[in-house]
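Okay, here's what each chain looks like letter by letter:
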2 protein chains.
Amino acid sequence: MSLGEFELIARWFTQPGRRRDVLAGVGDDAALLDVPAGQALVAATDTLVEGRHFLPDAPAESVGHQSLAVNLSDLAAMGAQPAWALLALSVPRADEAWLAAFARGFHALADRFDVELVGGDTVRGPRVVTVQALGFVPRAQALRRRGARPGDGLYVSGSVGDAAAGLELLRGGVAGDAVASLVHRYRYAEPRVTLGMTLRGVATAAIDVSDGLLGDLAKLCDASGVAAVVQLERLPLSEALLGRFGAADAERLALAGGDDYELLFTLPPSDAAAIESRLAQFCRITHIGEIVAGRGVRCCRAGVEVAVEVAGHDHFAE
Amino acid sequence: MSLGEFELIARWFTQPGRRRDVLAGVGDDAALLDVPAGQALVAATDTLVEGRHFLPDAPAESVGHQSLAVNLSDLAAMGAQPAWALLALSVPRADEAWLAAFARGFHALADRFDVELVGGDTVRGPRVVTVQALGFVPRAQALRRRGARPGDGLYVSGSVGDAAAGLELLRGGVAGDAVASLVHRYRYAEPRVTLGMTLRGVATAAIDVSDGLLGDLAKLCDASGVAAVVQLERLPLSEALLGRFGAADAERLALAGGDDYELLFTLPPSDAAAIESRLAQFCRITHIGEIVAGRGVRCCRAGVEVAVEVAGHDHFAE
């Protein structure tokens, strides 16, 4: 049986209205939404292309999760509370099993953060998924990439490198229990929404680690007009990553690998100790370096500067 | 020379801030936007896939125009004033000429409606363009598909069928001065933004004609719980359409063809004459039928009901 576009939308992508701030959702020409007074709207969009951002044999559920997670991570990096999403889905055919699993992955994450799918477009074409996430943040408290100052401490949440390791294992055809946690981290990375909201008015700058820690740190430094020094021995590396890859490769994956969706942020030195202990109650954070005057990103090991060559994640680089 | 993703974004898609309500635009993790007090946010997204929504040899400038126009048309159908857009662009390579022309078409339309591009994502993949348009409308005045009542008059703006005719000519390889206006109408359809805003608090229901007049009218009727009767001889057909295709094919294209981006709307009978003359000052509108009790859409010619078979535009229909 072949399903028409309108049936598709009705079957998998129309949810009963769950949020009172949705005045009109799926089923009109556009969604009609109520942004709370005093809050700025925060809007992000990210695209996943089959074969490039997810493997052709990726479980559809993980693609559904990822397509929303990357966008919620962008909102988290601004300190925003997510509220609504729109989904533009291009698929080669109305494959019911694939769509049902995709919707399951998407909605499971949406439910956890009380995000309502309020609109979208379903078309036939190559498998390309674009999600737009909308949320809000008190106007004066949004986190930005700019704002880091010399003397600020540099922090990262959770652990880095796991997702890139998971992708490398999948590409190499390695599977099994021993690598399951790394693969899971790649497929089901958790956006740091609560941490982002907690950093409002606290962090001087923030960015999410989507293209690799060093590349994203360079963007934060550029936007802030500062430099950074990373202490390599402080990088938070998981046991699974170290156990499977060893110290040198683990460091490479942590510095250059994308898709972890941790937050990288800066704290002013005066309040750092108090903030660190408050944040540590619900999320691991690690002080990995310092913001200094100048330009660029430098790495040190045991206090000595070392050269680290990593390619930034650039979709069009040769 | 190959351009990196970040250079691409900087070169063609970073505009100097033009709107004061953009607190952060391209260049942070997400856009930060100020919705005016008392207004609801209106959000729409539409995707164009090469080979399906635009021809592989379509001028890139027209693809840029279309990708924004289809979304502004959705906002117009809600009575919204457009404000911001996000662009998710998947292209096989960093083709500078194509991207420059695409950006030119996109920005020319954006400029005309004071829309600022505030974010997006550029990836390598098959040519697929997804735009999200954001705007606002006073909460109580949004146009909806529901709201049409028996006795209301049924109206359409401009002329219908031209865009579908233009596409049919392009597909058949027909070019030249004689068909230029139809082809132009397909490639550069103008969203009815001003009309939509004028219909606020006036029209009882509205939808844009993107999938064909009869198909879109059926959606409006379904949402409103009413039926409609269309008087076929009243359809506004352009001279170019009639001259090239003759009466029968012109009618077929007007009823089933998509991509005109005219507004289809209903007016209460009591105020219709005054509203009609007000609207006629800046936009052709035509009274093409009536809303009646019941379900479904019927067509009449010279007062006699006639059977019209048209396939609704469904991307997954066989």
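Counted under the stated rule, the structure contains eight aromatic pairs over all chains. Between Trp98(A) and Phe102(A) the ring centres are 5.3 Å apart and the planes differ by 20°, which places this aromatic pair in the stacked class. Of the two residues, Trp98(A) and Phe102(A) are both situated in helix α3 (residues 96-112); the distance of four residues between them amounts to about one turn of the helix. The pair formed by Trp98(A) and Phe102(A) is uniform in burial state, with each residue classed as buried. Given a relative accessible area of 0%, Phe102(A) falls into the buried group. Following the ring pairs from residue to residue traces out a cluster consisting of Trp98(A), Phe102(A) and Phe106(A). If you follow Arg127(B) out to its NZ or CZ, it ends over the ring of Trp98(B), 4.2 Å from the centre.

Pairs can form between side chains of opposite charge once their charged atoms are near each other. Residues and elements named next belong to chain A. Applying the stated rule across the entire model yields 44 salt bridges over all chains. Note that Arg-18 is salt-bridged to Asp-111, the shortest N-O span being 2.5 Å. Placement of Arg-18 in the loop between α1 (5-13) and β1 (22-24) and of Asp-111 in helix α3 is noted, with a sequence separation of 93 residues between them. Since its relative accessible area comes to 40%, Asp-111 is described here as partly exposed. We note a salt bridge from Arg-185 to Asp-162, for which the minimum N-O separation is 3.2 Å. One end of the pair, Arg-185, is in helix α5 (residues 180-187); the other, Asp-162, is in helix α4 (residues 162-171), with 23 residues separating them in the sequence.

Taken together, the 66 residues of chain A in the interface contact 68 residues of chain B. Together, the buried faces of chain A and chain B total about 5,300 Å²; carbon and sulfur atoms form 58% of this surface. Its salt-bridge partner being Asp34(A), residue Arg139(B) comes within 2.6 Å of it at the nearest N-O pair. Counting across the interface, chain A meets chain B through 16 residue pairs in polar contact (both at pLDDT 80 or more). When residues in the side of chain A that touches chain B are grouped by element, the largest group, nine residues, is from strand β3 (residues 39-49) of chain A. Class assignment of the residues belonging to the side of chain A that touches chain B gives a composition of 34 nonpolar, 14 polar and 18 charged. In terms of strand pairing, strand β2 (residues 31-33) of chain A meets strand β3 (residues 39-49) of chain B through three bridges, oriented antiparallel. The residue bridging Leu32(A) from the neighbouring strand is Val42(B), located in β3(B).

Moving on, we get to the relation of the copies chain A and chain B. You can overlay chain A on chain B at an RMSD of 0.0 Å; the transform is a turn of 180° with a shift of 0.0 Å along its axis. In short, the pair behaves as if placed about a two-fold rotation axis. When the interface residues of chain A are mapped onto chain B, 100% of them again lie at the interface, so the same face is used by both copies.

Spatially, β1(A)-β2(A)-β3(B)-β6(B)-β4(B)-β5(B) is the arrangement adopted by the six strands of the open sheet, whose pairing is mixed. Every interior strand has two partners, whereas the edge strands, β1 of chain A together with β5 (116-124) of chain B, have only one. Neighbouring strand axes in the sheet, compared pairwise and without regard to direction, differ in orientation by 20° on average. Its contacts with the sheet place helix α2 (residues 60-77) of chain B against β3, β4 (81-91) and β6 (128-138) of chain B, and it is angled at close to 140° to β3(B). Across the face of the sheet, helix α3 (residues 96-112) of chain B comes into contact with β4, β5 and β6 of chain B while running at roughly 165° to β4(B).

Moving on: the side chain of Asp46(A). Structurally, Asp46(A) can be placed in strand β3. Not counting chain neighbours up to four residues away, the residues in contact with Asp46(A) comprise Val70(A), Asn71(A), Asp74(A), Val129(A), Thr130(A), Val131(A) and Asp121(B).

As a further point, take empty space enclosed by the protein. Residues and elements named next belong to chain A. Applying the stated rule across the entire model yields one cavity of 30 Å³ or more. When its volume is computed, the largest cavity comes out at roughly 40 Å³. Lining the largest cavity, in full, are Phe-54, Leu-55, Ala-58, Ser-62, Gln-66, Leu-170, Tyr-186 and Arg-187. Every element with two or more residues in the lining of the largest cavity is listed here: α2 (60-77) and α5. Each residue belonging to the lining of the largest cavity can be placed in one class, and the counts come to five nonpolar, two polar and one charged.

Moving on, we get to the pairing of strand β5 (residues 116-124) of chain A. Residue and element names in this part refer to chain A. Of all nine residues making up β5, seven are buried, and the element is well covered by its neighbours. Note that strand β4 (residues 81-91) and β5 share eight bridges and pair parallel. Paired with Leu-89 across the two strands is Thr-122, which belongs to β5. Regarding the hand of the β-α-β motif, the stretch spanning β4, α3 and β5 is right-handed.

Time to look at α2(A). The periodicity of an α-helix, 3.6 residues per turn, causes residues three or four positions apart to be oriented the same way. Residue and element names in this part refer to chain A. Under the 1.5 Å per step criterion, the end-to-end length of α2 is 26 Å for 18 residues, consistent within 8% with the ideal 26 Å. In terms of burial, α2 is largely enclosed, as 17 of its 18 residues are buried. Backbone geometry just after α2 places Gly-79 at a positive phi near 80°.

Residue and element names in this part refer to chain A. What you see with strand β8 (residues 205-208) is no split at all: Ala-205 and Ile-207 on one side and Ala-206 and Asp-208 on the other are buried throughout. Of the pairings in the sheet, the one linking β8 to strand β10 (residues 263-267) comprises four bridges and is antiparallel in character. Looking at β10, one finds that Asp-208 is bridged to Leu-263.

Time to look at the side chain of Thr130(A). Checked against the element boundaries, Thr130(A) lands in strand β6 (residues 128-138). A relative accessible area of 2% places Thr130(A) in the buried class. Ignoring anything within four residues of it in the chain, the contact list for Thr130(A) reads Thr45(A), Asp46(A), Thr47(A), Leu86(A), Leu87(A), Ala88(A), Ala88(B) and Thr130(B).

Residue and element names in this part refer to chain A. Across the sheet, which stays open at both edges, the seven strands sit in the order β8-β10-β7-β11-β9-β12-β13 with mixed pairing between neighbours. Of all the strands in the sheet, just β8 and β13 (304-306) have a single pairing partner and so form its edges. On average, each strand axis in the sheet is inclined to that of its neighbour by 30°, with strand direction left out of account. On top of the sheet, α2 reaches β8 and β10; it is set at about 175° to β8, its chief contact. Against the sheet, helix α7 (residues 213-224) makes contact with β7 (153-157), β8, β9 (227-231), β10, β11 (285-292) and β12 (296-301), and its axis sits at roughly 145° relative to β8, the strand it touches most.

So, how was this worked out
- Residues numbered from 1 in each chain as written.
- Chains lettered and ligands numbered in written order.
- Predicted model: local features only at pLDDT ≥ 70, side-chain atom pairs only at ≥ 80, totals over all residues.
- Heavy atoms only, no water.
- Phe/Tyr/Trp six-rings, centres within 6.5 Å; stacked < 30°, edge-to-face > 60°.
- Helix = DSSP H or I, 4+ residues; strand = E, 2+ residues; numbered from the N terminus.
- Buried < 20%, exposed > 50% of the residue type's maximum accessible area, 1.4 Å probe, protein only.
- Lys NZ or Arg CZ within 6 Å of the ring centre and 35° of its normal.
- Salt bridge = Lys/Arg side-chain N within 4 Å of Asp/Glu carboxyl O.
- Contact = heavy atoms within 4.5 Å.
- Buried area = accessible area lost by both parts, 1.4 Å probe.
- Polar contact = N/O pair within 3.5 Å; in protein donor to acceptor, adjacent residues only side chain to side chain.
- Nonpolar A, V, L, I, M, F, W, Y, C, P; charged D, E, K, R; others polar.
- Pairing = 2+ DSSP bridges.
- Least-squares fit on C-alpha atoms with pLDDT ≥ 70 in both.
- Axes fitted to C-alpha atoms, helices over the stretch in contact; angles between N-to-C directions.
- 1 Å grid on protein atoms, 1.4 Å probe; cavity = no way out; pocket = protein on both sides within 12 Å on 5 of 7 lines; lining within 4 Å.
- Points joined across faces, edges and corners; volume = space filled by probe spheres on them.
- Right-handed = clockwise from strand over helix to strand, strands pointing away.
- Expected span 1.5 Å × (residues − 1).

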